[in-house]
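Each chain is listed here by its residues.
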Amino acid sequence: MTLMTQQSEASPCLIDYVRALENRSNYARGEQILAALAAMGLEPTIQVCRWPRIRNIIVDFVPESSSRRFLFSAHYDAVRNSPGSNDNASGVAVLLGLCNELRHKQQPARIVFFDREEAWLRTPTLRLGLLGSLYYVRKADLQNVAAVYNLEFCGQGDFLAIWPVKGHEIRLAAVRQIEEIATRQGLPHKTTHIPWLLLSSDHLSFRIRGFPNVVTLSLLPSSQISVLEGLLQNLSFIRLLTGWRPTLPEPLRYIHSCNDTSSKLDEGSLKLMLSLLLDLIKTMDVI
């Protein structure tokens, strides 16, 4: 099955995108994204780095010289020997759904599918990844970017986690805007700070570059929120530095494992995240 066969004038089933990506090599996952975009009539820009090998896929819905826009991102690579469904074919599926919705429109949006987010070096005390987004922010002009919304773990749950947010970051425009939209939709949500040693994503590359108005969006089951909050309240930074990792609640415990399969994901969760992004784009003039 290829993503190209999934396209029609009607909105595609997002879980089909996930199924087409899972259990494939990272290169093949990129090819599936390109096939899906071609079926939509979209011509992405391919950002390539020969060493280290990186292939980012970029889709613009307004000209490069245009005014401010949102940037939506998700990494498409997966950890070796993991199907990579919730991490992060789910985020890719939502962004492909967004591309399908915007393909006939001029909207203030750029969508980036990042390569090489997963760690290329792992030791008991250190994990180094984010290569695709680090390369992107080094090359890109972020002057016209209003806010960055990065997607991780979007395929299971009905509770929106906005992270990492702590202290004064609660006042970031990106945070305020997504909270307003979630409230309007009646979606339970919460900001939380997750230490990068425990869990990180491509938002970190933008913050390293000095662009603070970026958050990652994830969906989790409401029943697991209190478990996650209790875990975060009792984290020991020193223990994290020594390589200790706590047992995460569902569905986070399945990431990077052979259990991260599409059978655990839900079409309703994927479409819920897509609806949030579509409402965000409608409010572009607010930020």
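All values derive from a computational prediction rather than experimental measurement. For every chain, the first residue of the written sequence is number 1, and numbering continues from 1 along that sequence. Per-residue local features of the predicted model are confined to residues with pLDDT of at least 70, and side-chain atom pairs are confined, for both listing and counting, to 80 or more; whole-chain, interface and lining totals are unaffected and use all residues. Side-chain descriptors were evaluated using all non-hydrogen atoms of the structure, hydrogens and water having been removed beforehand.

> Would you mind showing me how to read the overall build of the protein here?
Within the protein, the secondary structure is distributed over 9 helices and 10 strands. For 287 residues, the compact-globule estimate of 2.2 N^0.38 gives 19 Å, and the protein sits close to it at 18 Å. With the principal axes as the frame, the protein shows a C-alpha extent of 50 × 40 × 35 Å. For the protein, buried positions account for 59% of its 287 residues. Counting only contacts in the protein whose residues sit at least 6 apart along the sequence, the fraction spanning at least 24 positions is 79%. His is not counted, nor are the chain ends; Lys and Arg add positive charge and Asp and Glu add negative charge. Positions of charges follow a simple convention, taking NZ of Lys, CZ of Arg, CG of Asp or CD of Glu. Side chains of the protein carry 30 positive and 27 negative charges; the gap between the two charge centres is 6 Å. Helix numbers and strand numbers start at the N terminus; a helix is a DSSP run of H or I with at least 4 residues, a strand a run of E with at least 2. What the globule rule says is 2.2 Å times the number of residues to the power 0.38, and the radius of gyration is computed from C-alpha atoms. Between buried and exposed lies partly exposed: a residue is buried under 20% and exposed over 50% of the maximum accessible area for its type, with that area taken using a 1.4 Å probe on protein chains only. Pairs of residues are marked as contacts when any of their non-hydrogen atoms sit within 4.5 Å.

> In this structure, what is going on with the confidence of the model for the protein? I would like to understand it.
Caution applies to low-pLDDT regions: their predicted coordinates should not be interpreted in detail. Taken over all residues, the pLDDT of the protein has a mean of 91, while the share at 70 or more is 93%. When the criterion is pLDDT under 50, residues 4-8 qualifies, and its contacts beyond four places in sequence or with other chains add up to 13 contacts. Predictor confidence is given residue by residue as pLDDT, running from a minimum of 0 to a maximum of 100.

> Mind showing me how you'd approach the nonpolar core here?
In globular proteins that are soluble, nonpolar side chains generally tend to be buried together. By size, the foremost hydrophobic cluster in this structure holds 56 residues, and its most contacted members are Leu-37, Phe-72, Phe-113, Tyr-149, Leu-160 and Leu-217. Among the elements that take part in this core, helix H3 (residues 85-102) stands out by supplying 9 residues, more than any other. Apart from the residues within four sequence positions on either side, Phe-113 is in contact with Ile-33, Leu-37, Arg-55, Asn-56, Ile-57, Val-59, Ala-74, Tyr-76, Val-92, Leu-95, Leu-96 and Cys-99. To form a nonpolar core, buried Ala, Val, Leu, Ile, Met, Phe, Trp, Tyr and Cys residues must be joined to one another through side-chain atoms within 4.5 Å.

> Looking at this structure, how should I read the pattern of salt bridges?
For side chains bearing opposite charge, pairing can occur when the charged atoms are close. We define a salt bridge as a contact between a side-chain nitrogen of Lys or Arg and a carboxyl oxygen of Asp or Glu at a distance within 4 Å. Under the definition given, this model contains 9 salt bridges. In this structure, the salt-bridge partner of Asp-115 is Arg-53, at a minimum N-O distance of 3.1 Å. Within this pair, whereas Asp-115 is found in the loop between strand S4 (109-114) and strand S5 (121-122), its partner Arg-53 is found in the loop between strand S1 (45-49) and strand S2 (54-60), the two being separated by 62 residues in sequence. The exposure class assigned to Asp-115 is buried, which follows from its relative accessible area of 1%. A salt bridge links Lys-271 to Glu-267, with the shortest nitrogen-to-oxygen separation between them at 3.5 Å. Here Glu-267 and Lys-271 lie together in helix H9 (residues 267-282), a separation of 4 residues that amounts to about one turn. Residue classification places Glu-267 among the buried residues on the basis of a relative accessible area of 17%. What emerges from the salt-bridge pattern is a single network uniting Asp-60, Arg-69 and Arg-110.

> Mind showing me how you'd approach the pairing of strand S3 (residues 69-75) here?
Regular strands have side chains that alternate between both faces of the sheet. Counting buried residues along S3, 7 of its 7 residues qualify, which places the element largely inside the surrounding structure. Burial along S3 is two-sided: Arg-69, Leu-71, Ser-73 and His-75 and Phe-70, Phe-72 and Ala-74, pointing in opposite directions, are all buried. A pair of strands counts as paired when DSSP detects no fewer than two bridges linking them. Bridge analysis of S3 against strand S7 (residues 145-151) gives 5 bridges, and the strand direction is parallel. In the sheet register, Phe-70 faces S7, and the bridge partner there is Ala-147. Sheet analysis places S3 next to S4, joined by 6 bridges and oriented parallel. Bridged to His-75 within S4 is Phe-114. Place the viewer so that the strands point away; then a crossover is right-handed whenever the path from the first strand over the helix to the second strand goes clockwise. The β-α-β motif built from S3, the intervening H3 and the parallel element S4 has right-handed crossover chirality.

> How should I be thinking about empty space enclosed by the protein in this particular structure?
To locate leftover empty space, one rolls a probe as large as a water molecule over the atoms. Throughout, the protein atoms alone are placed on a 1 Å grid, and a set of points is a cavity if a 1.4 Å probe fits but cannot get out or a pocket if it is open with protein on both sides within 12 Å along at least five of seven lines; lining residues have an atom within 4 Å of a point. Grid points are joined across faces, edges and corners, and a volume is the space filled by probe spheres set on the points. Inspection of every chain in the model, using the stated rule, returns 1 cavity of 30 Å³ or more. In this model, the largest cavity occupies a volume close to 50 Å³. Surrounding the largest cavity, Phe-153, Ala-161, Trp-163, Thr-192, Ile-194, Leu-199, Ser-218, Leu-220, Leu-228 and Leu-252 form its lining. Sorting the residues of the lining of the largest cavity by element identifies strand S8 (159-163) and strand S10 (214-220) as the ones contributing at least two each. Throughout, the ten residues Ala, Val, Leu, Ile, Met, Phe, Trp, Tyr, Cys and Pro are labelled nonpolar, Asp, Glu, Lys and Arg are labelled charged, and all others, Gly among them, are labelled polar. The class makeup of the residues in the lining of the largest cavity is 8 nonpolar, 2 polar and no charged.

> Help me understand the layout of surface pockets, please; the structure alone is not making it clear to me.
There is about 400 Å³ of room inside the second largest pocket. Together, 19 residues line the second largest pocket, and Asn-26, Ala-78, Val-79, Arg-80 and Asn-81 are the ones closest to its centre. Counting residues per element, the lining of the second largest pocket draws most heavily on helix H2 (residues 26-39), at 3 residues. Classifying every residue of the lining of the second largest pocket by side-chain character gives 6 nonpolar, 5 polar and 8 charged.

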